[in-house]
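# Coordinates in review
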Amino acid sequence: MAIYPPEPFRIKMVEPIRLTPISEREAALKATGYNVFGIRAEEVYIDLLTDSGTGAMSQEQWAAMMIGDESYAGARSFFRLKEAIQEIFGFTYFVPTHQGRAAEHVLMGIKLKPGQSVPSNMHFDTTEGNILSRGAIPINLVIDEAKDPTNNHPFKGNMDLNKLKDFIKKVGRENIPIGMITITNNSGGGQPVSMENLRAVSEIYHENGIPFIIDACRYAENSYFIQQREAGYKNKSTLEIAQEIFSLADGATMSAKKDAIVNIGGFLAMNDKHLYDEACQALIMKEGFPSYGGLAGRDLDAIATGLREGLREDYLEYRTGQTRYLADKFLENYIPIIEPPGGHAVYVDAGRLFSHIPHEQFPGFALSVELYREGCIRTTEIGSLMFGHPDPVTKEMIYPALEMTRLAIPRRVYTQSHLDYVVKTISTIAQRKDKVQGYRIVEAPEFLRHFTARLEPIK
Ligand SMILES: Cc1ncc(COP(=O)(O)O)c(C=O)c1O
């Protein structure tokens, strides 16, 4: 029998949630153009929209907030965060930002010029948006195994090293101001990257004089997967593994809302003094003074505590076990998912579940509407609505390889019986799957359209 480690905590404070009547759910869907981002949180029973900023902080984090130093400049909280970042990440400099995308915005604003390219395994949507908005080109070079949902490769987030070398040769190193990798690879199913791959990517970038920046949101989950799956790491602590990962890079963008288990916050870290000086300038204009960067002192303290807590191995064992539990139950009920499950979410292969709905009618979006309609569960599409875009030259639509619906699990928030309810709901939808229809866009902005687009069902 599979073992799913129980929670290494008990519950001290509760927040009521409510299953609204189906008539209210239907009305909410119509009012928001079927986009669940527009639905009020109190109209959601189980919120699996994101694992970002939705975790439950520990008593130690709440206690740390009480000693937050709210001085404008040089607060004690800043130095406590600096110590935690230096211990885990090892970079010489950092600036706090209000969240991950702000770190990306600052970095891309400094580094990118129109027409340049930024390779990665797969960029997340906000990273992609920040690159595109500078007139530059995001390039995804993940291994082909990542595109096969049933391939059980242990490190499906790995970069394809030959593709990376060929790409650098093709466009020229002078047109690649930074090279990235996302750990874990959220857009590709929350899949980890191996240390071996990180080391090789680092060598390729560095041989070409390209600074290597890690999108580090889920560094702790990635470190745990390395410990569990990669030869030579079983006796290393997750902290040691994280330290080794970041020793390979020149900097990182971080959304602390993930593995630092806080509700807001992020940072941009680097070794390059020149980049740091420019980042401080940009920060002062947009985020705040470099010792608080758009956050309160108490937030900096909660991040400092959370960065270390997120690396605890009993927590990571439970966390990845919970995700595996949901994935295993889906598979037992013949729901196609991206295998193996990643760290923070289960990704349903909506393209396979709703094989009658083509890319341009957004099968992942259709599943997210059905999960809300049937069970008051909120999820997000990671497919053609999020990533479909016209080819810059031919103007023909380019669709992603996979049409997914992501069920992201907030950290330390839901219990196994909540997950059982999710399994029951999706199984009911699967029984009537042929009746589920596709959607068309009614209105959408140019960038990051999935957040605010309004759609309608195709009758
Ligand atoms: C891989 C990755 N990078 C960057 C971000 C952006 O972080 P934030 O939401 O804090 O702006 C996210 C958020 O989900 C993410 O998953």
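Data block above holds the structure.
What comes next concerns the included structure. (Residues numbered from 1 in each chain as written. Predicted model: local features only at pLDDT ≥ 70, side-chain atom pairs only at ≥ 80, totals over all residues. Heavy atoms only, no water.)

### Considerations on a nonpolar patch on the surface
A surface patch of nonpolar side chains, about 310 Å² in accessible area, is lined by Y72, I284 and F289. With respect to the helices and strands, the residue I284 is situated in helix α10 (residues 273-286). (Patch = residues over 30% accessible without salt bridge, like charges linked within 9 Å, V, L, I, M, F, W, Y side chains within 5 Å. Areas by Shrake-Rupley, 256 points an atom, 1.4 Å probe, with all protein chains shown as cover. Salt bridge = Lys/Arg side-chain N within 4 Å of Asp/Glu carboxyl O. Helix = DSSP H or I, 4+ residues; strand = E, 2+ residues; numbered from the N terminus.)

### Notes on the environment of K82
Looking at where K82 falls in the secondary structure, it is placed in helix α3 (residues 76-88). For K82, a relative accessible area of 28% puts it in the partly exposed group. Taking the C-alpha atoms as reference points, K82 and P6, 76 residues apart in sequence, are found 33 Å from one another. (Buried < 20%, exposed > 50% of the residue type's maximum accessible area, 1.4 Å probe, protein only.)

### Quick word on the environment of T415
Inspection of the secondary structure puts T415 in the loop between β14 (404-408) and α16 (416-431). If sequence neighbours within four positions are ignored, T415 has contacts with E7, I11 and Q322. Here the side chain of T415 touches S417 through a polar contact of 3.2 Å, side chain to side chain. (Contact = heavy atoms within 4.5 Å. Polar contact = N/O pair within 3.5 Å; in protein donor to acceptor, adjacent residues only side chain to side chain.)

### Examining α3
Here α3 is 13 residues long and its end C-alpha atoms lie 19 Å apart, about the 18 Å a rise of 1.5 Å per residue gives. Among the residues of α3, S77, F78, L81, A84, I85 and I88 are the ones counted as buried. The arc enclosing the buried residues of α3, seen along the axis, measures out at 125°, which places them on a common side. Set apart from the buried face of α3 by more than 90 degrees, the exposed residues are R76 and E83. (Expected span 1.5 Å × (residues − 1). Arc of directions from axis to C-beta.)

### Let's talk about the site of the ligand
Among the 15 residues in the neighbourhood of the ligand, the closest are listed as R101, N186, D215, S255 and K258. The separation between a nitrogen atom of the ligand and a polar side-chain atom of D215 is 2.7 Å. Look at the ligand: alone it shows 390 Å² of surface, and the protein chains cover 97% of it. Ranked by residues supplied to the shell around the ligand, first place goes to helix α4 (residues 100-111) with three residues. Here the residues of the shell around the ligand are counted per class, giving two nonpolar, seven polar and six charged. (Near = heavy atom within 4 Å. Nonpolar A, V, L, I, M, F, W, Y, C, P; charged D, E, K, R; others polar.)

### Some details on the layout of surface pockets
Quantified by volume, the largest pocket comes out at close to 1600 Å³. Taken together, 37 residues form the lining of the largest pocket, with M13, A56, M57, R412 and V413 sitting closest to its centre. Those elements giving two or more residues to the lining of the largest pocket turn out to be α2 (59-66) and α12 (313-332). Of the residues assigned to the lining of the largest pocket, the class counts are 18 nonpolar, seven polar and twelve charged. What the second largest pocket holds in volume is close to 1100 Å³. What lines the second largest pocket is a set of 37 residues, and nearest its centre among them are E128, L132, F387, G388 and H389. Of all the elements in the fold, those that place two or more residues in the lining of the second largest pocket are α5 (125-132), β4 (137-140), α15 (384-387), β12 (389-390) and β13 (397-398). The residue makeup of the lining of the second largest pocket, split by class, is 22 nonpolar, eight polar and seven charged. (1 Å grid on protein atoms, 1.4 Å probe; cavity = no way out; pocket = protein on both sides within 12 Å on 5 of 7 lines; lining within 4 Å. Points joined across faces, edges and corners; volume = space filled by probe spheres on them.)

### Topic: the sheet that holds strand β11 (residues 380-382)
Consider a sheet: its strands pair through backbone hydrogen bonds, and that pairing is either parallel or antiparallel. The strand order across the open sheet formed by three strands is β9-β14-β11, and the pairing between neighbours is antiparallel. Strand pairing shows two members of the sheet lacking a second neighbour, β9 (345-349) and β11, which therefore form its edges. Each strand axis lies, on average, 35° off the axis of its neighbour in the sheet, ignoring direction. Taken together, the five bridges between β9 and β14 define a ladder with antiparallel strand orientation. Paired with V346 across the bridge in β14 is L407. The strands touched by α12 are β9 and β14; relative to β9, the strand with the most contacts, the crossing angle is about 25°. (Pairing = 2+ DSSP bridges. Axes fitted to C-alpha atoms, helices over the stretch in contact; angles between N-to-C directions.)

### Thoughts on the side chain of Q227
Within the secondary structure layout, Q227 lies in helix α8 (residues 219-229). Residues contacting Q227, with those up to four places away along its chain left out, are Y233, K234, K236, S237, T238, I241 and E313.

### What about the pattern of salt bridges?
One pass over the full model with this rule turns up 26 salt bridges. For R440, the salt bridge is made with E456, and the minimal N-O distance between the two is 2.8 Å. Here R440, found in strand β15 (residues 439-443), pairs with E456, found in strand β16 (residues 454-457); they are 16 residues apart in sequence, far enough to count as distant. Judged by its relative accessible area of 38%, R440 falls in the partly exposed class. A cluster of three or more residues bridged by salt bridges with shared partners is formed by D51, R218, E221, D259, R319 and R411.

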